[in-house]
Each structure stands twice: as structure tokens, then as C-alpha cells.
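Take a look at the letters that make up each chain.
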Amino acid sequence: MSIAQPFWFEQALAQERASQGNTLQGKTSTDVCIIGGGYTGLWTAIKLKQQAPEKDVVIIDKGLCGQGASGRNGGCMLTLSTKFATLVRLFGQTEAIRLVKASEQAVFDIADFCTQHKIDADIRLDGALYTATNSVQKANLQNPLAALTMAGINQWQVKDSEFVQHYSGSALNQQGIFTAAAGSLQPAKLVRGLARVARQLGVRIFENTPMTTIAYGNVVKVTTPSGEVHAPRLVLAMNAWMAKALKPFSRSIVLVSSDMLITKPMPEALAAMHLNHGMAVADSRIFVHYYRSTPDGRLMLGKGGNLFAYGNKMLSLFDKKSAYQGMLKQSFERFFPSLTPDFERSWTGASDRSVTGVPFFGRLEGQNNVCYGLGYSGNGVVQSYLGGDILSSLVLEQDNEWTRSGMAKGSRGNFPFEPFRTLGANIVRKSVLRKEAMEDKEQKAFWFDNQLAKLASAAGKADK
Ligand SMILES: Cc1cc2nc3c(=O)[nH]c(=O)nc-3n(C[C@H](O)[C@H](O)[C@H](O)COP(=O)(O)OP(=O)(O)OC[C@H]3O[C@@H](n4cnc5c(N)ncnc54)[C@H](O)[C@@H]3O)c2cc1C
């Protein structure tokens, strides 16, 4: 199997005029060093510069900014609203309401930011449609809405099969819930655009500059193969790489693949199916199918939960074409039996799944000047914007709604030690697959598969 550049990333790099990869050579001092140039690191840097332009900020990335999840994700702009019940359990009703509203606002703020800074990220704020493709999914589809309605913040509308099939382009989708506070974008164009804006604001970005060691202290020393960064403040924004590289995070996330397949352009065929909009569509499986079209008439379909990484190792498989391409093609056929697309490419990537399904931020224990954020659980396109608010507020030692938020108080649970973690994950995964296959055939799933599947869906709506 050959290395497969994620399609989006290649597309975004092809549009850039500036050369990439300014590597750090020698020693440098700065006010804030950020390790990781994905959405989390870049939004943090931008928000720091917006609030405190006098601060010098350095970002280092081991490859090119956006080469991680930010440059290869599905580009579905989704909010925290379907996780409301989990947020209430973790942080209380008032903070849960605030977080849901902030995430919904963030959808529009990201679009505004891109307009203002001329980032052409193909953003289409056409909403999101969560669908049910069988009776069990139908029965559970509206579960998240009751609590949102009681709290007076429900933006979801229940939609009948006519609406759902019209907009989703698939007769497989029998019912749905729709929100306008959502949409889709080209993820790599966003992250590369953020890197450009960060540079324009004065952030010094060094690509192809991996952190090799960190020496903590009042002034943190970050070593790279050919240089050092000295900074009184450090932000760890390495996402999926953090669990293996840094012991405190070894059990707070698991790495799970999300696999994607994209067609060549077929705008006429998509228009005929009314699939020429930017709505993000997802079914209600635990390991969800998600799909959307692109402005140039491609159809992308993804599926989460296929490959678990033992010991959170960043497997080379995460950088190759999807090992689940055959399964993705079958899903394509199930959703769109009348289409006979030419496929452009498949790829995959590691999602950082937290115990709660909700991201977490905080200060490293015993190192007050080191902040971190991760655990987006496949829902990071919009939530990383909030991550930028939290991390910039922590760095600037502000006393505000972000630093007081329960989300800024660290991880809310650990996964088991290996080998039990991977063993357990694979048992649960097989149960979920068996249960969902039975449900697709409108058959009753086995009792034990239902019980084990509850472990995977404990955090509420499934993730990419
Ligand atoms: C295939 C896939 C599909 C997804 N689909 C969606 C979706 O449709 N909607 C959604 O909301 N979310 C989705 N997500 C999740 C979303 O992409 C992530 O939550 C988000 O991109 C996380 O951003 P980040 O900046 O924290 O991490 P990343 O973008 O992964 O950035 C981390 C960066 O750290 C760098 N790094 C790592 N180690 C080092 C080191 N030692 N030294 C220097 N740099 C280092 C990496 O090179 C990388 O650039 C998906 C994720 C995947 C993998």
C-alpha cells in the first residue's frame, strides 16, 4: 500500500504560492511556544495575537501545518449540541448551555473570520442532517432533543422522510433531525489559511521542526533536531500524538481511525439527486457514516471506528490509503445505489477519542505554565475554535468564562491500561458491528451486543 496524501491537503498545498517548511535552525526565545500547527495550535496563536499583539508567539510543527487531522478531516462543521446531556453531567446545566451556544456561534464566527481574512475554505453554512436508516435508529434519533428543548436551546427540527430523502439524496435515510447551525468546509484550506493569517499577525511558524524533548521549568526548553525554543509559556497542541509522546495523556484518549473516500467530480449526477449543497449528513450509527458534497461536485463519505491503535501508537496505516476502502465502497452503494462513481482517492487518519466524547483542556500538573488541549473525539473542526479561546485565556492568565469552564479543568476519565484497552475496544467494536448489522436487517440485536455497545455510545451521539 502506498502513502496517500489526504486529498484535501494536496488540494490546499497546490494553491499556495509561498514555499512551505521554514525549519528552525539554532536557538530562539519567545513569550509563548506552541507545539502543533493544526487548528488548536493556530487558533490559539491567532487569539493570543488578537488579544496581546505585543507577545511573541512561536509555533513548531513536525511536518507541515495541517498535515495531521486538521488537513484531512471530513470538514463537517458540527457543534456540541448533541452532547448536551454529557455536558450537563460533567459541568452542570448553566455551563452546558453556555458551551452549546458558544459552539453554535462558533460555526458562524469561523465563517466570518474566513471572509474577513480572505481564507477561501469552501465554507457552506447549509446545516447538518442526522438521519435514521433503520427502526432502532429512528427510535433513538430524537433522544438528544428533549433536554435541549427543556433548556430552551434546541435548534434541531424533526424532519420527515420526504425532506430527509430530498436533501440527503438517499432513500436509505428514513427520518432525520436538521439544524441550521452547522455546515461544511474544505478542512485543509482552512488550516493552511489559518497558518497564513497567523504569520501575517506576526506568529513565527517553523515547519518540519519536531519537538524531540521538553525540559519543564519557569522557562521551558523545547528541543528540536536543529534548534531550541525557550519560552516562559508552552502550549501542547499535538492532538493524537500527545498520548504516546507525553505520559500524562497516555490513558486519557484512544486513537481510532476515521476512513474517507471521495469521488471524482460528477456535478450533474449530484444536482440530479439534489446533493449540490454543503449540508453535512450523518446516520445514527455508533461508528457513524458521514457524507457531503463539495462545491466542485464530488461526493465524500467517511466512517469512524475502524482501526484502534495499540498503546496509542501513531500507526503508519494512518498515513496510507484506507484499509477499509472496500467497506466504504459498499456503504456508498447502500446509500446511493443509482450512482456509479469514479473514485478519486481514499485516506484515513487518527481521531483522538476521550472517555467522555468531549474535548478537555487544562494546565499540566505541577507545570502551571504549560497548557494543553485534546480529545475532540472526531468533532474538532468547530470545537477547536473554542479550544483557541480556552488556551489563549489560560496562557494570558485571564479570569473569564473560559478559564473557569469545567472544560478547562483537564481530563474527566481514563481508559484502561494496555493490553486491556485494545482488547476491550476490539470486543466492543465487534459487538457494535454485529448489533448494527442486525438492525440494518430489521432484526433484534443480541442482548450482550446491546450491552457492550452502550459502552461505546456512553458519550451520546457518535463521532467521526
Ligand atoms: C479522518 C478524520 C475525519 C474527521 N472528520 C471530522 C469532521 O468531519 N468534523 C469534525 O468536526 N472533526 C473531524 N475530525 C476531527 C478533527 O479533524 C480534529 O479534532 C482536529 O483537526 C484537531 O485539531 P488539532 O490541531 O488538535 O490536531 P492536528 O490537526 O492533528 O494537529 C496536531 C499537529 O501536531 C503536530 N505534531 C505532533 N507531534 C509533534 C511534535 N513532536 N513536534 C511538533 N509537532 C508535532 C502534527 O504534525 C500536527 O500538525 C476528523 C478527524 C479525522 C482524523
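Only a predicted model underlies this, so the values are computations on that prediction, with no experimental measurement involved.

Procedures and definitions
- Residues numbered from 1 in each chain as written.
- Predicted model: local features only at pLDDT ≥ 70, side-chain atom pairs only at ≥ 80, totals over all residues.
- Heavy atoms only, no water.
- Near = heavy atom within 4 Å.
- Polar contact = N/O pair within 3.5 Å; in protein donor to acceptor, adjacent residues only side chain to side chain.
- Areas by Shrake-Rupley, 256 points an atom, 1.4 Å probe, with all protein chains shown as cover.
- Helix = DSSP H or I, 4+ residues; strand = E, 2+ residues; numbered from the N terminus.
- Buried < 20%, exposed > 50% of the residue type's maximum accessible area, 1.4 Å probe, protein only.
- Pairing = 2+ DSSP bridges.
- Phe/Tyr/Trp six-rings, centres within 6.5 Å; stacked < 30°, edge-to-face > 60°.
- Lys NZ or Arg CZ within 6 Å of the ring centre and 35° of its normal.
- Axes fitted to C-alpha atoms, helices over the stretch in contact; angles between N-to-C directions.
- Salt bridge = Lys/Arg side-chain N within 4 Å of Asp/Glu carboxyl O.
- Contact = heavy atoms within 4.5 Å.
- Core = buried A, V, L, I, M, F, W, Y, C linked by side-chain atoms within 4.5 Å.

(A) Main features of the site of the ligand. Near the ligand you find 36 residues, and of these Thr40, Asp61, Ser70, Cys76 and Met211 are the closest. Within the side chain of Thr40, a nitrogen or oxygen atom sits 2.7 Å from an oxygen atom of the ligand. Computed on the free molecule, the ligand has an accessible area of 1000 Å², of which 98% lies beneath the protein chains in the complex. Elements represented by at least two residues in the shell around the ligand include exactly helix H2 (39–51), strand E18 (343–354) and helix H12 (380–395).

(B) Inspection of the pairing of strand E7 (residues 175–179) at higher detail. Burial within E7 is extensive, with four of its five residues counted as buried. The sheet contact formed by strand E5 (residues 128–132) and E7 spans five bridges and is antiparallel. When the bridges of E7 are listed, Ala128 appears paired with Thr179. As paired elements, strand E6 (residues 157–159) and E7 share three bridges and run antiparallel to each other. Within E7, the residue paired with Gln157 across the bridge is Phe178.

(C) Inspection of the side chain of Thr356 at higher detail. Position of Thr356 relative to the elements: it lies in the loop between E18 and strand E19 (360–364). A relative accessible area of 8% places Thr356 in the buried class. Among the polar contacts listed, one links the side chain of Thr356 to the backbone nitrogen of Val358, at a separation of 3.1 Å.

(D) Molecular detail of the packing of aromatic side chains. Enumeration over the complete set of coordinates arrives at 17 aromatic pairs. Measuring from centroid to centroid gives 5.8 Å for Phe332 and Phe336, while their planes differ by 55 degrees, and the two rings are tilted. Classification of Phe332 as buried rests on a relative accessible area of 2%. Ring pairs connect the aromatic residues Tyr291, Phe332, Phe335, Phe336 and Phe343, which therefore count as one cluster. Positioned above the aromatic ring of Tyr385 is the side chain of Lys47, whose terminal nitrogen or guanidinium carbon lies 3.2 Å from the ring centre. Taking the ring centre of Phe417 as reference, the NZ or CZ of Arg251 above it sits at 3.8 Å.

(E) How the structure looks around the sheet that holds E6. Read across the open sheet, the eight strands follow the order E6-E7-E5-E15-E16-E17-E14-E18; overall the sheet is mixed. At either margin of the open sheet sits one strand with a lone partner, and together these are E6 and E18. Averaged over all adjacent pairs, the angle separating strand axes in this sheet is 25 degrees, with direction ignored.

(F) Looking closely at the pattern of salt bridges. Following the criterion strictly, the structure yields 22 salt bridges and no others. One salt bridge connects Arg334 with Asp440, and the closest N-O pair in it is separated by 3.7 Å. Here Arg334 is found in helix H11 (residues 325–335), whereas its partner Asp440 is found in helix H14 (residues 420–440), with 106 residues between them in sequence. Overall, the relative accessible area of 24% leaves Asp440 in the partly exposed class. A salt bridge links Glu418 to Arg421; the nearest nitrogen and oxygen atoms lie 3.4 Å apart. Glu418 gets classed as partly exposed once you look at its relative accessible area, which sits at 21%. The exposure class of Arg421 is buried, given its relative accessible area of 7%. One salt-bridge network, held together by shared partners, links Asp283, Arg285, Arg334, Glu436 and Asp440.

(G) Structural context of the environment of Gly387. For Gly387, the position within the fold is in helix H12. C-alpha separation for the pair Gly387 and Leu172, spaced 215 residues apart in sequence, amounts to 36 Å. Excluding residues that lie within four positions of it along the chain, Gly387 makes contacts with Thr44, Phe361 and Tyr376.

(H) Summary view of the nonpolar core. Ranked by internal contacts, the top residues of the largest apolar core, which has 83 residues, are Ile34, Leu42, Leu87, Leu194 and Met407. Sorting elements by how many residues they give to this core places helix H4 (residues 93–116) first, with ten residues. The residues contacting Leu87, other than those within four sequence positions of it, are Leu80, Gly92, Ala96, Leu99, Val100, Val358 and Met407. Counting 31 residues, the second-largest nonpolar core is a separate cluster that includes Val58, Ala243, Leu246 and Leu255.

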